[in-house]
Each structure stands twice: as C-alpha cells, then as structure tokens.
Amino acid sequence: MKFTCLSKGGGFHFPPCHMLSVSGFRILLDCPLDLSSLAIFSPVPIALEAHESLDTDSVVRKKQKIEKTLDANDLVFAEPWYKTVKNLHLWDASFIDVILISSPMGMLGLPFLTRTKDFSAKIYVTEAAARIGQLMMEDLVSMHMELRQFYGPEDSAFLQWMRWEGLEVLPSELKKIALGTDCEELGAWMPLYSAVDVKDCMRKVQTLKYAEEACYNGTLVIKAFSSGLEIGTCNWTINGPKRNIAYISSSIFVSTHAMDFNFLGLQGNDLIIFSDFSTLHTTENMENDNTYCDPVTSSNASDDLYNLEEIAASLLKDDESMEEMEKLAFICTCAFDSVRAGGSVLVPIDRLGIVLCLLEQMSLLLESSSLKVPIYIISSVAEELLAFTNIIPEWLCKQRQEKLFSGEPLFAHVKLIKERKIHVFPAVHSVELLTNWQEPCVVFCPHWSLRLGPVIHLLRYWCSDPNSLLILESGDDANLALLPFKPMAMKVLQCSFLSGISLQKVQPLLKALQPKLLLFPKDLRCKIQISEANTIIHYSENETLCMPSSKESTEIDIATDLASQFHWKTLKQETVTRLDGELFMDQGKHRLLSGFQQADSKQHRPLLHWGSPDLKRLLTELSKMGITGTLKKVMDSAESKIAAGIIDIDDPEKALIDVRETGTVIITADENLASHIFKAIDIVLDGI
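Each value, and the rule that gives it
As a convention, each chain's residues are numbered from 1 in the sequence order in which they are written. For this predicted model, a pLDDT threshold of at least 70 governs which residues receive local features, and a threshold of 80 or more governs which side-chain atom pairs are given and counted, while totals over whole chains, interfaces and linings are taken from all residues. Heavy atoms from the whole structure form the basis of all side-chain values; hydrogens and water molecules are not counted. Numbering of helices and strands runs from the N terminus; a helix is a DSSP stretch of H or I covering at least four residues, while a strand is a stretch of E covering at least two. With a 1.4 Å probe rolled over the protein chains alone, any residue whose accessible area is under 20% of its type maximum counts as buried; one over 50% counts as exposed, and the rest are partly exposed. All accessibility values rest on the Shrake-Rupley procedure with a 1.4 Å probe; residue burial counts only the protein chains present in the view. Working definition: a ring pair exists when centres of Phe, Tyr or Trp rings (six-membered ring for Trp) sit within 6.5 Å. Plane angles under 30 degrees give stacked, over 60 give edge-to-face, the rest tilted. We call a charge positioned over a ring when the NZ of a Lys or the CZ of an Arg lies within 6 Å of the ring centre and within 35 degrees of the ring normal. Nonpolar core, defined: a set of buried Ala, Val, Leu, Ile, Met, Phe, Trp, Tyr and Cys residues in which side-chain atoms within 4.5 Å join the residues together. The pairing criterion is simple: DSSP has to find at least two bridges between the two strands. Angles shown run from 0 to 180 degrees and are taken between the N-to-C directions of axes, each axis being a line fitted to C-alpha atoms and, for helices, limited to the stretch in contact. Arc definition: it is the arc formed by the directions from the helix axis to the C-beta atoms. Only heavy atoms matter for contacts: two residues are in contact if any of them lie within 4.5 Å across the pair. The term salt bridge refers to a side-chain nitrogen of Lys or Arg lying within 4 Å of a carboxyl oxygen of Asp or Glu. Crossings are classed by handedness, with left-handed meaning an anticlockwise turn of the near helix from the far one by less than a right angle and right-handed meaning a clockwise turn. Any residue that is not Ala, Val, Leu, Ile, Met, Phe, Trp, Tyr, Cys, Pro, Asp, Glu, Lys or Arg is counted as polar, Gly included; the first ten are nonpolar and the last four charged. Only residues whose relative accessible area exceeds 30% and that take part in no salt bridge are eligible for patches, with like-charged residues grouped when within 9 Å of each other and nonpolar side chains (Val, Leu, Ile, Met, Phe, Trp, Tyr) grouped when within 5 Å. Counting rule applied: Lys, Arg positive; Asp, Glu negative; His and chain ends not counted. By convention, charge coordinates are those of NZ in Lys, CZ in Arg, CG in Asp, or CD in Glu. Whenever a nitrogen or oxygen atom comes within 3.5 Å of another N or O atom, the pair is scored as a polar contact, on the condition that within protein one atom can donate a hydrogen and the other can accept it, and that pairs from neighbouring residues in sequence are kept only if both atoms are in side chains. Note on angle classes: values under 35 degrees are labelled roughly parallel, values over 145 roughly antiparallel, values of 65 to 115 roughly perpendicular, and the remainder oblique.

Assigned secondary structure in the protein consists of 20 helices and 33 strands. Here the protein holds 688 residues, and 50% of them are scored as buried. Of the accessible surface of the protein, which amounts to about 32500 Å², a share of 52% is contributed by carbon and sulfur atoms.

Shown next, in the form of structure tokens:
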C-alpha cells in the first residue's frame, strides 16, 4: 500500500486531498478547489491598470508599489482562473481507478478530471452530498459567467497576468498565492469548467446511502459513514484482501442539523488515515500548552475506566453544539442591532447548515421585535437547494427527524417562505427583487470569497454605510478580501464555526477505534499527544509512504464439493493439497468454485514435486519400463543427506539423468524417452 498527501487543504472550504494505492488500485480521496485564491483577482475592472500593457514604464511603476501597503490597483484585473490541488495536476487522471468524495466542497474540482481524455475512474459520493455539490458547481458556473460579462470574451491579453513578466511585478503577498512558496503552483491554475462539464461529471458519479456497500472490481468493499460536518458529508471504509482501511475526514460528533458522526462504524479497521486538519487552521497561531495534551494519558484515571460506552458518551456530549448555537445567537443579536440602527446585514456564508440555522434564529429574533425587516436569499440555486433540504430526513440529526413525525417542516424556512418573511430570488438584478426591495434588510447570498456573485454588488452598495454589517467567516485574509471595497465604513463581524474534531477528542476517538496502524499528520504532532499503544506513521504533504500488508495470508472461500476432495500431503513442514476449480474475487474475498473438468488424464498429473529422487529406486522404475542404464559418479553429501549422481541410459536411446542437490536435469533427444523418464521420476518423488 502507498499513501501520498497531495494537499492538507485550507479549512472547511478547501478540504485535504490524498492519493492511496491499495490492492493494485489507485484511489483519490477528495478533489476540491482552492477558492480562497480568488482573492488575487479584482471583482470588477475599476482601475486603469486593467488596460495597461506590460511595457517598461508600467513594470517600473508596479515594482515601486510592491513594498507598499496593498491597494485595489495591485489586484489582477482579468477573468478569474481557478486553483486546483497543487500536486494533483502532476498525476495522470487516466490512471486513477476510484475517487471517494467526503463532502460537497470536496467535489468542486471533479469536472477538471472528468473532462480529461481517457478518464475512467469510478466516483463514489453520498446521495445528499452529490446533489448539494452539483448545485454548488452550477452556482459557481453561473456566478463566473456573470463576472465574465465585465471582462468580455477571451483575447490574447487575457493571460497577461500568468506570463512570467506579469507574475514578477505582483506584490509579494499576491505572488505567494499565485505561485506558492516555492513557485511550484502555477500549473494548478485552470479556466473554470462549463455547465456541460458539470452535467457530464454527474453522469459518472455513483451515489450511496450511509453504510451502503459498493464493491469495486470485486476486490474493494467501500462504505460511507456520516461525519456530522454537513448534510451528506462522510468518512470512508475500504476493505480489501490484504488490509481494512478507515479514512477520517473533518468531522463533528454532535451536529445541530446533519446526522451525527458515526465513529462506531469505523471500528474493526487495522489502518486509520486521520485527515482532519481543522485544528491546525484554528490553532496554528496559539502556543502549545496543556490545552492540547492528551486528556486520557494526562489524567490519573485507570484505563479500565475508559471502556467503549464511557468513551462514546464523552465524545457525544453536546457541549460543542451548544457553543455553536450560542455563536449563532450572538450573530443574530449583532444583526438585530444593525437593522435597528437603520443599516442592513450582508451574510455571504456558504455553509448550508449554518445558513439554515441562522435563518431560523434570525427570523425568531426579528419576529419577537416590532421591526418588520425582510430577509432575502439571492442565489441562482437557492430555491432548489432550500426545497431539497426539506425532503432529506434520513441525512439529518435525530432532532430534525423527530419534526417529520410530528408533522413539522424539517427546517423553519419552509414556513417562513410561505409567510413571505423570507424572499428567494435567483439574481440581484431580478425584476421581482427590484420590485420588492426594502431596506433595512438581511441578505444571504454567495460568495464567501467576495469575488463572485451578488455579494460584490451589495458590498459596493453598503460599504460606506457605518450602520450596515458584513458577517464573514474567519480563516481567510479579511484585509485582502475587502481590499477592492475600501475605504470601508461598514462594520465587519468575523465568526469561526466548528470545522472538525477538537484536539481534546482525538485521543479518546482513537482509543475507541483501536487501529493497529495510524497515519497521522506530521503538522499536528506538536499539538497533541497520541498514545504509544498505537503504531503511528506521520505524513506530510507531497511525501509518499509505503506500508506492508497487515494480513500475512489471504483467506479464501472454497465450494463444499471441492472441500470434500482434500487429500493432504506434507511438504517440508506444511501440509498442502491440490484442487481444480475457478478462482474469483467477489466482495473483497477470494472464492474457489467448481470449474469445468477436462477429461484428459494429464490434467491430474502432479504439478508440483519436491525432494531429490532416490537413484537406486529410480533405476528400478526405469527397468520396469524397459529402459536400461548405469549409475555413475555417486556422491553422498553428509550435510544435505542427498545422494547425487548421474544415470547414463543407453537403451532404447541415449539419455542422461543428472541428479544434484539443487535439481534434476533430463537430457535426451528422444521426446518419448524423456516422457517415460519423467513418469519414473514422478513415481519416485512426492507431488501434488
């Protein structure tokens, strides 16, 4: 088995990406896009530099600004390209056999692969994640096409920024995003796929339910288990003839909307690939103190107290989800204060679950007050996405599922839309929106990068209003994201949300799963102590690790009629038998079934012999066949206890039998005589 971390990602919107080779098959784990890299582009061409040629004077002027504070004119004025996983473009897509998608964000880069020549990989993703991911890709294409109207059709000047002389004059902060720290990421930039590419990609996807088995090529048994991060997100198990693997992506034990993290479904696997880098992004600037120590090993409690039930109970405490609801309540309070002051609220958060919960809490808060403030949702896929979220109870948490049995909507937006407290529109320039527009208001719209979609127009409209509020998700460079809209009088609230397993719960989780081997990120080694009871291999980006198979032998299911034909013989210190049948791979297991039996008796001749023939006994068997010969040069080896020598045959034809410690050689020009000699040796030696 080989494992390569192609990218450790960049948080919720840019999950990690890995390449796994197991049982001869190459498996790609997630295929995301780094949409945070869109920050280097200007959302609209507002500066003269957009039309400058790269002449000497222009280069000098830009070079003079590199060391100064960034401003809007330093951004790239061109139709955006999109950054894929930096190392993925170095792999031949035609050699990928399987792609496993853990979340809707992890499939945004799929059309780049599926549109390549000779692509034939099988793509597995849960039903809910596939639908949400498709809508996200379609919305991305729609927003890009709208932005493209500002720049016009492609021309020869379109790629000026990607030429080396254009990259050289970029400010160092933008240059690092475009090229990477070692200038190796330029090849990861690509023009966006089309709506046709998205449809073609979805035709190649096989959807699964949670815990549903999918068998690839009769060899690998693949299952998805809920991860709790979002609706439809999952972790994977891959069971093969030589190894059972569990892949843990970013997960949340108790969710306010999605089905909880089913970590018990990952038990029984000898290898765990831990790929939750969320704690790295949230704590990378914090000191390594006791907060990040292993709570189990640092306590005085006996390990006997930590049985599976107690560990599961501690992991499934809803402390984190309660903190999440408190965060949402605080956001709603800040939004209420803004609209009460006469300002509007702009929410470009793309986390579906967070948006749904915010809609519920914000509506309740506004309804309890005397303020009549409309809530707008503006997106090309909003109507379809909201409708979808109310017909998928099997993908939601227990609290949401209970609403189905009580006759309530799964989410409150269904009722609020009917009561016209929430208004859904496909575009910011929609006639219906312009007719019903009212301020102050609360607007939910894409895109969190602040480079695409309706947020560009609304942010330009409200950026000078000190009473208005912009709610951003923390993690990305807010200064760079807001650069095109400065000076900003608008208030900005940055919020962080649960994106994965907290450091305190990693060790109890591994104690519950008890893997024989753990693949763990090297970057997290200094932040958490893992019990030495686990065999740990640390991995880092762009490093290939080779691991031996955990099973020394392969199990095989043998048909009953074949099993009754066992005739065991001892070969050195092992017992062996010979069976005639057809070998199959089915559901990850070898199976030997009864096959077509040929009548030719030669098929029943022993196929394997062992030992060295007794020379005197061999001469006796040859004489019975009418073959005469003499024994010459007998050499007894005291060490090997094997009699070695040469038998010289002179009748009926000349032949020579050379018996040595390492093997027996028959030399003759007569094929018939050679066949008889072999039969004699067959009688003398043991075989099957």
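With that settled, consider the packing of aromatic side chains. Overall, the coordinates contain 14 aromatic pairs when judged by the stated rule. Between Phe253 and Phe263 the ring centres are 5.7 Å apart and the planes differ by 70°, which places this aromatic pair in the edge-to-face class. Placement of Phe253 in the loop between β12 (244–248) and β13 (271–274) and of Phe263 in the loop between β12 and β13 is noted, with a sequence separation of 10 residues between them. Look at Phe277 and Tyr539: their rings are 6.3 Å apart centre to centre, the planes differ by 75°, and that puts the pair in the edge-to-face class. With Phe277 in the loop between β13 and α7 (278–283) and Tyr539 in strand β21 (residues 535–539), the pair connects residues that are 262 residues apart, well separated along the chain. Here Phe277 and Tyr539 have matching classes, each one buried. Put simply, the rings of Tyr376, Phe425, Trp437, Tyr461 and Trp462 touch in pairs and so form one group of aromatic residues. Directly above the ring of Phe12 sits Arg351, whose terminal nitrogen or CZ lies 3.9 Å from the centroid.

Here we come to the nonpolar core. In this structure, Ile231, Leu358 and Phe444 are the most contacted members of the largest nonpolar core, which totals 103 residues. A per-element tally of this core places helix α10 (residues 352–368) first, with 9 residues. Membership of the second largest hydrophobic core comes to 80 residues, among which are Leu346, Phe425, Trp462 and Met490.

On to the sheet that holds strand β1 (residues 2–7). Paired through backbone hydrogen bonds, the strands of a sheet run either parallel or antiparallel to each other. Judged by pairing direction, the sheet is mixed, and its 7 strands sit side by side in the order β8-β6-β5-β3-β2-β1-β22 without closing on themselves. Every other strand in the sheet has two partners, leaving β8 (205–208) and β22 (544–546) as the edge strands with one partner each. Adjacent strand axes in the sheet meet at a mean angle of 20°, parallel and antiparallel pairs treated alike. Sheet analysis places strand β5 (residues 98–100) next to strand β6 (residues 122–126), joined by 3 bridges and oriented parallel. Residue pairing for β6: Ile99 is matched across the bridge by Ile123.

Where burial is concerned, the two faces of strand β27 (residues 589–593) differ: the one with His590 and Leu592 is buried and the one with Lys589, Arg591 and Leu593 is not. Where strand β23 (residues 556–558) lies against β27, 3 bridges are found, and the strand directions are parallel. Its bridge partner being in β27, Asp557 is matched across the sheet by Arg591.

With that settled, the discussion passes to helix α5 (residues 172–179). Burial in α5 covers these residues: Leu174, Ala178 and Leu179. Looking straight down α5, one finds its buried side chains confined to an arc of 115°; they lie on one side. Summarising the geometry of α5, the exposed residues directed more than 90 degrees from the buried face are Ser172 and Lys176. In this structure, the buried side of α5 is in contact with α4 (164–168), β7 (189–190) and α16 (478–481). Backbone geometry just after α5 places Gly180 at a positive phi near 85°.

What follows deals with the pattern of salt bridges. Side-chain pairing between opposite charges can occur once the charged atoms of the two side chains come close. According to the stated counting rule, one finds 19 salt bridges in the structure shown. A salt bridge links Arg148 to Glu79, with the nearest nitrogen and oxygen atoms 3.4 Å apart. Of the two residues, Arg148 sits in helix α3 (residues 127–151) while Glu79 sits in the loop between α1 (56–65) and β4 (82–83), which places them 69 residues apart along the sequence. Exposure remark for Glu79: the relative accessible area of 6% places this residue in the buried category. Note that Glu419 is salt-bridged to Lys421, the shortest N-O span being 3.3 Å. Judged by its relative accessible area of 30%, Lys421 is partly exposed.

What follows deals with unusual backbone geometry. Looking along the chain, the bond that leaves Glu439 and enters Pro440 is cis, with omega of 0°. Within the fold, Pro440 resides in the loop between α14 (431–436) and β17 (442–444). In this chain, Pro446 is followed by His447 through a cis amide linkage whose omega measures 15°. Of note in the backbone geometry, Ser23 takes a positive phi value of approximately 55° without being a glycine. By secondary structure assignment, the location of Ser23 is in the loop between β2 (17–22) and β3 (25–29).

Another aspect to go through is the packing of helix α8 (residues 308–315) against helix α17 (residues 506–513). Direction vectors running N to C along α8 and α17 enclose 145°, while the axes themselves pass 10 Å from each other. In terms of crossing hand, the pair formed by α8 and α17 is left-handed. Along the contact surface, α8 presents Leu308, Ile311 and Leu315, while α17 presents Pro508, Leu509, Lys511 and Ala512. Of the residues in the contact of α8 with α17, the class split is 6 nonpolar, no polar and 1 charged.

Next up on the list: a negative patch on the surface. There is a patch of like negative charges on the surface, built from Asp318, Asp319, Glu323 and Glu326. Here Asp319 lies in helix α9 (residues 319–340). Accessibility expressed as a relative area gives 47% for Asp319, which makes it partly exposed.

Looking at the secondary structure, you find Ser499 in the loop between β19 (491–495) and α17. One polar contact links Ser499 to Arg351, side chain to side chain, over a distance of 2.7 Å. Setting aside anything within four residues of it in sequence, one finds Ser499 in contact with Phe12, Leu229, Ser250, Ile252, Asp276, Ser278 and Arg351.

Among the structural elements, Glu324 can be located in helix α9. With no salt bridge to any partner, buried Glu324 finds its closest opposite charge in Lys327, at an N-O distance of 4.0 Å. Those residues in contact with Glu324, other than ones at most four positions away along the chain, are Ile354, Phe497 and Leu498.

As a further point, take the environment of Asp92. Considering the arrangement of structural elements, one finds Asp92 in the loop between β4 and β5. Look at Asp92 and you get partly exposed, because its relative accessible area is 38%. Each C-alpha atom of the pair Asp92 and Leu113 lies 9.6 Å from the other, and the pair is 21 residues apart in sequence. Reaching out from Asp92, the side chain makes a polar contact with the side chain of Ser94 at a distance of 2.7 Å.

What follows deals with the packing of α9 against α10. Where α9 meets α10, the closest approach of the two axes is 9 Å, and the angle between their N-to-C directions is 50°. It follows that α9 is oblique to α10 by the angle criterion. Considering the relative orientation of α9 and α10, their crossing is right-handed. Of the residues in α10, those in contact with Glu324, Met325, Leu328, Ala329, Ile331, Cys332, Thr333, Ala335, Phe336 and Val339 of α9 are Ile354, Cys357, Leu358, Gln361, Met362, Leu365 and Leu366.

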